[in-house]
Protein chains: 2
Amino acid sequence: MKGLPSLENLSLSFSKLPGVGAKTAERMAYAVLRMEREDREEFAKSIAEVGEKISKCPTCGLYEENGECPSCDDETRERSLLCVVSEDRDARSIEKAGGYHGLYHVLGGLISPSKGLLPEGLSIDSLVNRVKAGGFEEVILALSPTLEGETTSLYISKLLASTGVKVTRLGYGLPMGASLDYADGLTIEKAFEGRRKI
Amino acid sequence: MKGLPSLENLSLSFSKLPGVGAKTAERMAYAVLRMEREDREEFAKSIAEVGEKISKCPTCGLYEENGECPSCDDETRERSLLCVVSEDRDARSIEKAGGYHGLYHVLGGLISPSKGLLPEGLSIDSLVNRVKAGGFEEVILALSPTLEGETTSLYISKLLASTGVKVTRLGYGLPMGASLDYADGLTIEKAFEGRRKI
């Protein structure tokens, strides 16, 4: 039977998303085919726009829309606190939980030699430079309590030891082995309250 | 913190896909943001193209690309056999399995009053008209062995009874390669009913 090349192309694009296998990608492509015309056009437009409108803040690495960093450019935030996260979406989970109003620094991942992620591949140099430039009283390492997260926290805390700035990590209210991304707001809030000096 | 409207729009589009919740949709939107520019453009293009290039065959309901039905317009197919399926992708699964070379008829769903799917909402009238128009020796109902599938098969077989055309359904029993140990009671019962002389 003759195939549907357009549908196969779309399946291929879906299968590039995390956690989407060939069968799921195919079901998604069929779902797009069944969508209302407007929904489909909106979907295509959103994908294009995400790339055009969103960029990374050159200072902290958070995603920004229309060139204004949601953290660095917000004058109401507490500028003596710096919260280090692995990914942009971790910072947004923290914001949703509320309670923290300092600045952020996005590493872009965690140290994981097995995945080829070495310290040089992360925004650790720029973090150290930001802290050395002065102004911060405390650096909070808000990384997932996994092997990679712990390794990264330890690595960073050693680098920052000479600066004299207080370095803390989130308290263990977070269940070990879980991803920060999936933690509920209250758990994140409790973890902020229970942070400890490394 | 200021949000990312483009990313939220994209999350919303993803969450309209089957089996995709808010959190998964968000992860997918972030994954699109991290994609290479070309991959993202290809993705947006594929979504738009699927709607422009693919249409339904007015006779059998299969999806066709560039206006040529993969079944009805294929002169090499056996025209005395008609296989009735719920969705286009079921026909493609059957094609991948091989062995069947007749024509198809896509119902567009299964009768399910609880989901608001009544016989009038499916392509059953057009099926009956196709069969009444003559030429078919056998109609094979290839529907899932679920309550909805069985109901639909029964409904169609009654409508076709007067035409004198042989109406069959797929055989039920143990799936190939499966362990008897893991089969459910109903499947084992059906397998006993459908036992064959070796």
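Residues numbered from 1 in each chain as written. Chains lettered and ligands numbered in written order. Predicted model: local features only at pLDDT ≥ 70, side-chain atom pairs only at ≥ 80, totals over all residues. Heavy atoms only, no water.

(A) Spotlight on the interface of chain A and chain B. With 54 residues of chain A at the contact, the number on the chain B side is 52 residues. Carbon and sulfur atoms make up 65% of the surface buried where chain A meets chain B, a total of about 5200 Å² over both sides. When the buried area of chain A at its contact with chain B is split by residue, Met1, Ile47 and Arg89 of chain A rank highest and sum to 15% of it. Inspection of the chain A/chain B interface yields seven salt bridges. Of the charged contacts in the structure, one is a salt bridge between glutamate 26 of chain B and lysine 96 of chain A, with a shortest N-O distance of 3.7 Å. Where chain A meets chain B, there are 14 residue pairs in polar contact (both at pLDDT 80 or more). Every element with two or more residues in the side of chain A that touches chain B is listed here: α1 (5-14), α2 (22-34), α3 (37-53), β2 (63-65) and α4 (88-97) of chain A. A per-element tally of the side of chain A that touches chain B places α3 of chain A first, with twelve residues. Here the residues of the side of chain A that touches chain B are counted per class, giving 26 nonpolar, seven polar and 21 charged. (Contact = heavy atoms within 4.5 Å. Buried area = accessible area lost by both parts, 1.4 Å probe. Salt bridge = Lys/Arg side-chain N within 4 Å of Asp/Glu carboxyl O. Polar contact = N/O pair within 3.5 Å; in protein donor to acceptor, adjacent residues only side chain to side chain. Helix = DSSP H or I, 4+ residues; strand = E, 2+ residues; numbered from the N terminus. Nonpolar A, V, L, I, M, F, W, Y, C, P; charged D, E, K, R; others polar.)

(B) Representation of the sheet that holds strand β5 (residues 138-141) of chain A. Residue and element names in this part refer to chain A. Here we have five strands laid out as an open sheet, ordered β4-β3-β5-β6-β7, and mixed in their pairing. The open sheet terminates on both sides in strands that have one partner only, identified here as β4 (103-106) and β7 (196-197). Sitting on the sheet, helix α5 (residues 124-132) is in contact with β3 (81-85), β4 and β5, with an inclination near 150° to β4. (Pairing = 2+ DSSP bridges. Axes fitted to C-alpha atoms, helices over the stretch in contact; angles between N-to-C directions.)

(C) Spotlight on the packing of aromatic side chains. Residues and elements named next belong to chain A. The final tally for this structure, using the stated rule, is ten aromatic pairs over all chains. Summarising the aromatic geometry, the rings of phenylalanine 14 and phenylalanine 43 are spaced 6.3 Å apart at their centres and angled 55° between planes, so their arrangement reads as tilted. Placement of phenylalanine 14 in helix α1 and of phenylalanine 43 in helix α3 is noted, with a sequence separation of 29 residues between them. According to the relative accessible area criterion, phenylalanine 14 is buried, its value standing at 0%. (Phe/Tyr/Trp six-rings, centres within 6.5 Å; stacked < 30°, edge-to-face > 60°. Buried < 20%, exposed > 50% of the residue type's maximum accessible area, 1.4 Å probe, protein only.)

(D) Local environment of the environment of serine 15 of chain A. Mapped onto the elements, serine 15 of chain A comes out in the loop between α1 and α2. A relative accessible area of 30% places serine 15 of chain A in the partly exposed class.

(E) How the structure looks around the pattern of salt bridges. According to the stated counting rule, one finds 22 salt bridges over all chains in the structure shown. Here arginine 27 of chain B makes a salt bridge to aspartate 181 of chain A, at a shortest N to O gap of 2.3 Å. Here the residue arginine 27 of chain B occupies a position in helix α2 (residues 22-34), and aspartate 181 of chain A occupies one in the loop between β6 (166-169) and α7 (185-193), the pair thus bridging two chains. Here glutamate 95 of chain B and arginine 77 of chain B are joined by a salt bridge, their closest N and O atoms 2.6 Å apart. On the criterion of sequence distance, the pair formed by glutamate 95 of chain B in helix α4 (residues 88-97) and arginine 77 of chain B in the loop between β2 (63-65) and β3 (81-85) is long-range, its members being 18 residues apart. Assigned by exposure class, glutamate 95 of chain B and arginine 77 of chain B land together as buried. One salt-bridge network, held together by shared partners, links Asp74, Arg77 and Glu95 of chain A.

(F) The arrangement of the pairing of β3 of chain B in detail. Residue and element names in this part refer to chain B. Of all five residues in β3, four are buried, a share of seventy percent or more. Examined bridge by bridge, β3 and strand β5 (residues 138-141) share four bridges and lie parallel to one another. Paired with cysteine 83 across the two strands is isoleucine 140, which belongs to β5. Pairing of β3 with strand β4 (residues 103-106) involves four bridges; the strand directions are parallel. Note on β4: the bridge partner recorded for valine 85 is valine 106. Crossover handedness for the path β3 to α4 to β4: right-handed. (Right-handed = clockwise from strand over helix to strand, strands pointing away.)

(G) Main features of the layout of surface pockets. If you add up the space inside the largest pocket, you get close to 940 Å³. Those elements giving two or more residues to the lining of the largest pocket turn out to be α2 of chain A together with α4, α6 (147-160) and α7 (185-193) of chain B. Considering each element in turn, the lining of the largest pocket owes the most residues, four residues, to α4 of chain B. Within the lining of the largest pocket, the residues separate by chemical class into 13 nonpolar, ten polar and ten charged. Its volume calculated, the second largest pocket comes out at about 500 Å³. Looking at the second largest pocket, it is lined by 18 residues, and the ones nearest its centre are Ser86, Glu87, Arg89 and Lys115 of chain A together with Arg27 of chain B. (1 Å grid on protein atoms, 1.4 Å probe; cavity = no way out; pocket = protein on both sides within 12 Å on 5 of 7 lines; lining within 4 Å. Points joined across faces, edges and corners; volume = space filled by probe spheres on them.)

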